[in-house]
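# Structural description and commentary
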Amino acid sequence: MPAAEKTAGFLSKEEYPVEWSEYLSGIDDACSLPPEEAETRLLALDRRCASEYDKDSFYYGAMRNELGAFYKGQGRFPEAVACFEEALRLFEAHTAPGSSSVARSEEHTSELQS
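Keep in mind it's a predicted model, so treat the numbers as computed, not measured.

## Focus on the confidence of the model for the protein chain
The pLDDT averaged across the protein chain works out to 83; a share of 83% of its residues lies at or above 70. Here helix α5 (residues 100–113) stands out as the least confident element of the protein chain, with mean pLDDT 78; helix α2 (residues 35–53) is the most confident, with 95. Considering only residues more than four positions removed or in separate chains, one finds that residues 1–10, a stretch of pLDDT under 50, has 32 contacts.

What follows is the structure in C-alpha coordinates.
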(Lines give C-alpha, C1' and ligand atoms only; values in the text may rest on other atoms or scores of the structure.)
Protein backbone atom coordinates (compact mmCIF):
# COMPACT_ATOMS: atom_id res chain seq x y z
CA MET A 1 0.00 0.00 0.00
CA PRO A 2 1.21 3.54 -0.63
CA ALA A 3 2.79 5.46 2.20
CA ALA A 4 1.36 8.85 3.08
CA GLU A 5 3.72 11.76 2.68
CA LYS A 6 3.87 14.51 5.26
CA THR A 7 0.91 16.73 4.49
CA ALA A 8 -0.38 20.05 5.74
CA GLY A 9 -3.63 18.54 7.01
CA PHE A 10 -6.42 16.15 6.26
CA LEU A 11 -6.42 14.71 2.79
CA SER A 12 -9.50 15.24 0.67
CA LYS A 13 -11.27 12.15 -0.60
CA GLU A 14 -9.62 12.73 -3.97
CA GLU A 15 -6.12 12.72 -2.43
CA TYR A 16 -6.44 9.37 -0.68
CA PRO A 17 -5.28 6.28 -2.58
CA VAL A 18 -8.04 4.52 -4.50
CA GLU A 19 -8.05 1.66 -1.98
CA TRP A 20 -8.87 4.11 0.82
CA SER A 21 -12.17 5.02 -0.84
CA GLU A 22 -13.36 1.53 0.13
CA TYR A 23 -12.73 2.42 3.76
CA LEU A 24 -14.57 5.71 3.46
CA SER A 25 -17.57 3.94 1.91
CA GLY A 26 -17.41 1.24 4.59
CA ILE A 27 -17.32 3.86 7.34
CA ASP A 28 -20.30 5.68 5.85
CA ASP A 29 -22.22 2.41 5.48
CA ALA A 30 -21.41 1.30 9.03
CA CYS A 31 -22.53 4.58 10.54
CA SER A 32 -25.99 4.15 9.01
CA LEU A 33 -26.52 0.91 10.97
CA PRO A 34 -27.76 0.40 14.55
CA PRO A 35 -24.93 1.04 17.05
CA GLU A 36 -23.97 -2.59 17.77
CA GLU A 37 -23.80 -3.47 14.08
CA ALA A 38 -21.98 -0.23 13.32
CA GLU A 39 -19.35 -0.99 15.93
CA THR A 40 -18.85 -4.52 14.60
CA ARG A 41 -18.33 -3.18 11.07
CA LEU A 42 -16.04 -0.35 12.19
CA LEU A 43 -13.89 -2.72 14.25
CA ALA A 44 -13.61 -5.04 11.25
CA LEU A 45 -12.49 -2.08 9.11
CA ASP A 46 -10.05 -1.09 11.86
CA ARG A 47 -8.47 -4.57 11.87
CA ARG A 48 -8.31 -4.61 8.08
CA CYS A 49 -6.72 -1.17 8.00
CA ALA A 50 -4.10 -2.20 10.56
CA SER A 51 -3.25 -5.19 8.40
CA GLU A 52 -3.27 -3.44 5.01
CA TYR A 53 -1.70 -0.11 5.95
CA ASP A 54 0.18 -0.91 9.18
CA LYS A 55 -0.65 0.35 12.67
CA ASP A 56 1.94 3.12 12.34
CA SER A 57 0.46 4.66 9.19
CA PHE A 58 -1.39 7.92 8.58
CA TYR A 59 -4.30 5.86 7.24
CA TYR A 60 -4.59 3.84 10.43
CA GLY A 61 -4.65 7.17 12.27
CA ALA A 62 -7.53 8.27 10.07
CA MET A 63 -9.35 5.02 10.84
CA ARG A 64 -8.78 5.46 14.60
CA ASN A 65 -10.09 9.02 14.31
CA GLU A 66 -13.30 7.72 12.68
CA LEU A 67 -13.69 5.05 15.35
CA GLY A 68 -13.17 7.70 18.02
CA ALA A 69 -15.89 9.85 16.47
CA PHE A 70 -18.25 6.86 16.56
CA TYR A 71 -17.49 6.20 20.24
CA LYS A 72 -17.87 9.90 21.06
CA GLY A 73 -21.29 9.90 19.41
CA GLN A 74 -22.27 6.90 21.51
CA GLY A 75 -21.17 8.61 24.72
CA ARG A 76 -18.36 6.09 25.18
CA PHE A 77 -15.78 8.68 26.08
CA PRO A 78 -12.91 6.50 27.41
CA GLU A 79 -12.88 4.51 24.15
CA ALA A 80 -13.16 7.72 22.12
CA VAL A 81 -10.22 9.33 23.93
CA ALA A 82 -8.04 6.25 23.38
CA CYS A 83 -8.81 6.32 19.64
CA PHE A 84 -8.29 10.08 19.33
CA GLU A 85 -4.99 9.90 21.22
CA GLU A 86 -3.71 7.18 18.91
CA ALA A 87 -4.87 9.14 15.86
CA LEU A 88 -3.09 12.21 17.23
CA ARG A 89 0.16 10.29 17.68
CA LEU A 90 0.00 9.00 14.11
CA PHE A 91 -0.99 12.35 12.62
CA GLU A 92 1.91 14.02 14.43
CA ALA A 93 4.25 11.42 12.93
CA HIS A 94 2.93 11.72 9.39
CA THR A 95 1.87 15.33 8.89
CA ALA A 96 3.65 18.65 8.88
CA PRO A 97 3.72 20.65 12.14
CA GLY A 98 0.53 22.62 12.69
CA SER A 99 -1.54 20.41 10.40
CA SER A 100 -5.31 20.43 10.62
CA SER A 101 -5.22 16.67 11.33
CA VAL A 102 -3.24 17.27 14.51
CA ALA A 103 -5.34 20.27 15.53
CA ARG A 104 -8.61 18.38 15.15
CA SER A 105 -7.35 15.36 17.06
CA GLU A 106 -6.07 17.60 19.88
CA GLU A 107 -9.45 19.32 19.97
CA HIS A 108 -11.38 16.01 20.10
CA THR A 109 -9.15 14.69 22.88
CA SER A 110 -9.25 17.86 25.00
CA GLU A 111 -13.05 18.14 24.66
CA LEU A 112 -13.47 14.68 26.13
CA GLN A 113 -10.88 15.06 28.87
CA SER A 114 -12.46 18.26 30.22
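## A look at the packing of aromatic side chains
By the definition in use, this model includes five aromatic pairs. Where Phe 70 meets Tyr 71, the ring centres are 5.6 Å apart and the plane angle is 55°; that geometry is what we call tilted. Taking the relative accessible area as the measure of exposure, Tyr 71 reaches 6% and is therefore buried. By way of ring pairs, the aromatic residues Tyr 23, Tyr 53, Phe 58, Tyr 59 and Phe 91 are connected into one cluster. In this arrangement the basic side chain of Arg 48 is found over the ring face of Tyr 23, its NZ or CZ atom lying 4.7 Å from the centre.

## Points about the nonpolar core
Judged by nonpolar contacts, the single largest core of 29 residues is most densely connected at Trp 20, Tyr 23, Leu 42, Cys 49 and Met 63. For this core, the secondary-structure elements that each account for two or more residues are α1 (18–31), α2, α3 (58–73), α4 (77–94) and α5. Not counting residues up to four positions away in its chain, the partners in contact with Cys 49 are Trp 20, Tyr 23, Asp 54, Tyr 59, Tyr 60 and Met 63.

## As for the packing of α4 against α5
Direction vectors running N to C along α4 and α5 enclose 155°, while the axes themselves pass 9 Å from each other. In terms of their interaxial angle, α4 and α5 are classed as roughly antiparallel. Read as a crossing pair, α4 and α5 show a hand that is left-handed. Residues Phe 77, Ala 80, Val 81, Phe 84, Glu 85, Ala 87, Leu 88, Phe 91 and Glu 92 of α4 pack against Ser 101, Val 102, Ser 105, Glu 106, His 108, Thr 109, Leu 112 and Gln 113 of α5. Residue composition of the contact of α4 with α5, by class: nine nonpolar, five polar and three charged.

## Some thoughts on α3
In a regular helix each residue adds 1.5 Å, so 16 residues correspond to 22 Å; α3 covers 23 Å between its end C-alpha atoms and thus fits that length. The buried fraction of α3 amounts to 12 of the 16 residues, a majority that puts the element mostly inside the structure. Every buried residue belonging to α3 is among Phe 58, Tyr 59, Tyr 60, Gly 61, Ala 62, Met 63, Arg 64, Asn 65, Leu 67, Gly 68, Phe 70 and Tyr 71, and all of these are buried. Just past α3, the residue Gly 75 takes up positive phi, approximately 75°.

## Observations concerning the pattern of salt bridges
The final tally for this structure, using the stated rule, is nine salt bridges. Between Glu 79 and Arg 76 there is a salt bridge, and its shortest N-O distance comes to 3.1 Å. For Glu 79, a relative accessible area of 31% corresponds to the partly exposed category. In this structure Arg 76 comes out as partly exposed when scored by relative accessible area, which is 27%. Several salt bridges converge on common partners, so that one network encompasses Asp 46, Asp 56, Arg 64, Glu 86 and Arg 89.

Criteria and cut-off values
Residues numbered from 1 in each chain as written. Predicted model: local features only at pLDDT ≥ 70, side-chain atom pairs only at ≥ 80, totals over all residues. Heavy atoms only, no water. pLDDT = per-residue confidence, 0-100. Helix = DSSP H or I, 4+ residues; strand = E, 2+ residues; numbered from the N terminus. Contact = heavy atoms within 4.5 Å. Phe/Tyr/Trp six-rings, centres within 6.5 Å; stacked < 30°, edge-to-face > 60°. Buried < 20%, exposed > 50% of the residue type's maximum accessible area, 1.4 Å probe, protein only. Lys NZ or Arg CZ within 6 Å of the ring centre and 35° of its normal. Core = buried A, V, L, I, M, F, W, Y, C linked by side-chain atoms within 4.5 Å. Axes fitted to C-alpha atoms, helices over the stretch in contact; angles between N-to-C directions. Parallel < 35°, antiparallel > 145°, perpendicular 65-115°, else oblique. Left-handed = near helix turned anticlockwise from the far one by under 90°. Nonpolar A, V, L, I, M, F, W, Y, C, P; charged D, E, K, R; others polar. Expected span 1.5 Å × (residues − 1). Salt bridge = Lys/Arg side-chain N within 4 Å of Asp/Glu carboxyl O.

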